[in-house]
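The chain contents come next:
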Amino acid sequence: MNAPFNPSRGAALRDPFMAFVCDDATAEILRPIAVEHGWAPEKVNKGGLRNAVQSLSVSASPNILFVDLSESGDPLNDINALAEVCEPGTVVIAAGQVNDVRLYRDLVASGIQDYLLKPFTGDQLREAFANAQLTISGPRVNEPSMERPHVLAAVIGVRGGVGASTIASSVAWLMGDKANRTTALLDLDIHFGTGALALDLEPGRGLTDAIENPSRIDGLFIERAMVRANEKLCVLSAEAPINQPMMTDGAAFFQLQEEMRSAFESTVLDLPRPMLVQHPHLVHDAHVCIVVIELTLAATRDAIRILSWLKTNAPQAKVIVVANRVTAGSGQEISRKDFEKSIERPIDITIPLDLKAAAQAAKLGQPIAKVSKNAKITQPLNELVLRTVAAVDTADGERPKASGESLLGKLGNFRAMLAKKPKAAAGAA
């Protein structure tokens, strides 16, 4: 559990263990096991969670903290209050009498290590303490190999609804499953993100806590806050209340990227367009920018603007243009040829529309790359991942040649397309 670090509480002053229990029976189980681990039995205190919050607000938090939630009327809010007085690195084990899977998941998502249902046995307690000690002293679960350079891929949709989040979740899943890389999916749509939803996960409070308290962010915070989708993939997403604006200077996002670079071999950033305007530094270290488009006039205009913006703000990044949900025949609003002429570069990857696979993926809570059996979908997604990983293997990947024409000139071409469209419609009539 990670509260804002208070430098007045030196690490040397921290106890290895402390417990706050509500009844004598729990205390009697805890004390001998504490002695087995070399901890002082008098560190088992009465008073439960409320006493823990009061005590730790004026003293250093221990390495391992056991709290009893039996007398708590609102365990989630009380655990959040505890987080405010715990220092970074404290491993929290909770116990209570409520046998509810949703409560367990919510508590773990809020940052505790484990939740024991009372009455528990001594062996269950020993196992919980052993896991806590491994968390403190052992290596990170997601520690990357030093031989594999980290790759940061930012996925940007030029318009809402083009399927950028669908692409991001599939790329992240393929990074782990096919490329065998430990991968973090960071969904920065704070209020309406679908990163966790697409993988049938509860988003937790990790991302909102990071934004509200950037000083909490460290390696242990990443391990606690991220929700594990499988052995190789972890997700950090949010569903913040829509009446709760997120006021941030972007420092938290930068720190999250830094910690993910240390903890994972790959980071996939689902980056909403407004973030480009508010926090351009988010793409300063990106190796790849995946620009997701659709073949419409509005997407053409915005693709021109975003590609131009990326040349200025992320010149180091390899840009991959992905046309998503492309229908067969002449069903597109504009042709691929006209689109490519307007953006002055080719579309790199085309993914066809498959409503059946998309619906099945949504029902199962799985990425479309995993659900779909259609090679016309899986093959371009696999190619996208290969290109993304390859970006860190070449010192200077090929980049499209910059045209001498200005952005205003491109927009002029775009307006010419708009002017031709009514004539074509009249001819069809």
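Heads up: the structure comes first, above all this text.
These remarks concern the structure in this document. (Residues numbered from 1 in each chain as written. Predicted model: local features only at pLDDT ≥ 70, side-chain atom pairs only at ≥ 80, totals over all residues. Heavy atoms only, no water.)

### Here's the deal with the sheet that holds strand β9 (residues 233-236)
Read across the sheet, eight strands follow the order β8-β9-β7-β10-β6-β11-β12-β13 without closing on themselves; strand pairing throughout is mixed. Two strands lie at the open edges of the sheet, namely β8 (227-228) and β13 (349-352), each paired on one side alone. Where strand β6 (residues 151-157) lies against strand β10 (residues 266-270), five bridges are found, and the strand directions are parallel. Residue pairing for β10: Val155 is matched across the bridge by Asp270. Across the face of the sheet, helix α11 (residues 297-313) comes into contact with β6, β11 (288-293) and β12 (318-326) while running at roughly 175° to β11. Across the sheet, helix α15 (residues 375-390) is in contact with β6, β11, β12 and β13; its angle to β13 comes to roughly 150°. (Pairing = 2+ DSSP bridges. Helix = DSSP H or I, 4+ residues; strand = E, 2+ residues; numbered from the N terminus. Contact = heavy atoms within 4.5 Å. Axes fitted to C-alpha atoms, helices over the stretch in contact; angles between N-to-C directions.)

### A short note on helix α6 (residues 164-177)
Between its terminal C-alpha atoms α6 stretches 20 Å, which fits the 20 Å expected from 14 residues at 1.5 Å a residue. Burial of α6 is extensive: eleven of the 14 residues sit out of reach of the surface. Listed in full, the buried residues belonging to α6 are Ala164, Ile167, Ala168, Ser169, Ser170, Val171, Ala172, Trp173, Leu174, Met175 and Gly176. (Expected span 1.5 Å × (residues − 1). Buried < 20%, exposed > 50% of the residue type's maximum accessible area, 1.4 Å probe, protein only.)

### A word on the pairing of β10
Among the five residues of β10, five are classified as buried, and the element is accordingly described as predominantly covered. The alternating pattern of β10 places Ser266, Val268 and Asp270 on one face and Thr267 and Leu269 on the opposite face, and all of these are buried. One ladder, built from five bridges, connects strand β7 (residues 183-187) with β10; its direction is parallel. Note that in β10 the partner of Asp187 across the bridge is Asp270.

### Notes on the pattern of salt bridges
All told, the structure shown has 21 salt bridges when counted by the stated rule. A salt bridge links Glu383 to Arg387; the nearest nitrogen and oxygen atoms lie 2.9 Å apart. Placement of both Glu383 and Arg387 in helix α15 is noted, with a separation of four residues, approximately one turn of the helix. Overlapping salt bridges, with partners in common, bring together Arg159, Arg273, Arg301, Asp302 and Arg305 in one network. (Salt bridge = Lys/Arg side-chain N within 4 Å of Asp/Glu carboxyl O.)

### So, the environment of Gly365
Positionally, Gly365 belongs in the loop between α13 (355-364) and α14 (368-371). Gly365 gets classed as buried once you look at its relative accessible area, which sits at 4%. For the pair Gly365 and Leu197, spaced 168 residues apart in sequence, the C-alpha separation works out to 6.9 Å. In contact with Gly365, other than residues within four places in its own chain, are Ala198, Leu199 and Asp200.

### Remarks on the packing of α11 against helix α12 (residues 336-343)
Running from N to C, α11 and α12 point in directions that differ by 30°, and their axes come no closer than 9 Å. Classified by the interaxial angle, the pair formed by α11 and α12 is roughly parallel. Here α11 runs over α12; the crossing is right-handed. Touching Ala299, Thr300, Ala303, Ile304 and Leu307 of α11 are Phe339, Ser342 and Ile343, all from α12. (Parallel < 35°, antiparallel > 145°, perpendicular 65-115°, else oblique. Left-handed = near helix turned anticlockwise from the far one by under 90°.)

### Focus on the sheet that holds strand β3 (residues 64-68)
The five strands are arranged β2-β1-β3-β4-β5 in an open sheet whose pairing can be described as parallel. At either end of the open sheet lies a strand with only one pairing partner, and these are β2 (44-46) and β5 (114-117). Direction aside, neighbouring strands of the sheet carry axes that sit 20° apart on average. Where β3 meets strand β4 (residues 91-96), five bridges bridge the pair, whose relative direction is parallel. Residue pairing across strands places Leu65 opposite Val92, the latter belonging to β4. Against the sheet, helix α1 (residues 24-36) engages β1 (17-21), β2 and β3, with an angle of about 165° to β1.

Worth remembering: the numbers are spatial, not functional.
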